[in-house]
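Spelled out from the first residue to the last, the chains are:
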Amino acid sequence: MSTEGLEALRARVHADAELARRLRRVEPERFTDEVLELAAAAGYDVTAAELHETIARAREAWILRWIR
């Protein structure tokens, strides 16, 4: 699995406040599709599996942050 596309997409979202706001307003059930469409339009190689794995790791880190 390549992470370069996902990292490039993250950097773009962090640099574009309007894009970040747009993604925050996306319904959870549409989030993956929206991100994949955005990545494809920008030419980033991001897969659904990679995105799901990254989201799961982020959720786990967030939960553990409050437990420790």
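Note that this is a predicted model, so its numbers are computed, not measured.

Colleague: Sorry, what's going on with the overall build of the protein here?
Modeller: Helix and strand content of the protein: four helices and zero strands. Viewed in the frame of its principal axes, the protein has a C-alpha envelope of about 40 × 30 × 25 Å. Relative to its full complement of 68 residues, the protein shows a buried share of 25%. Taking contacts inside the protein between residues at least 6 apart in sequence as the whole, the part at least 24 apart equals 52%. For the protein, the separation between the mean place of its 11 positive charges and that of its 13 negative charges on side chains is 7 Å.

Colleague: Would you explain the nonpolar core in this entry?
Modeller: Leu6, Leu9, Val13, Leu19, Ala20, Leu23, Val26, Val35, Leu38, Ala39, Val46 and Leu51 form the largest nonpolar core, which has 12 residues in total. Those elements giving two or more residues to this core turn out to be helix H1 (4-15), helix H2 (17-24) and helix H3 (28-42).

Here is what the cut-offs are and how they apply
Residues numbered from 1 in each chain as written. Predicted model: local features only at pLDDT ≥ 70, side-chain atom pairs only at ≥ 80, totals over all residues. Heavy atoms only, no water. Helix = DSSP H or I, 4+ residues; strand = E, 2+ residues; numbered from the N terminus. Buried < 20%, exposed > 50% of the residue type's maximum accessible area, 1.4 Å probe, protein only. Contact = heavy atoms within 4.5 Å. Lys, Arg positive; Asp, Glu negative; His and termini not counted. Charge placed at Lys NZ, Arg CZ, Asp CG, Glu CD. Core = buried A, V, L, I, M, F, W, Y, C linked by side-chain atoms within 4.5 Å.

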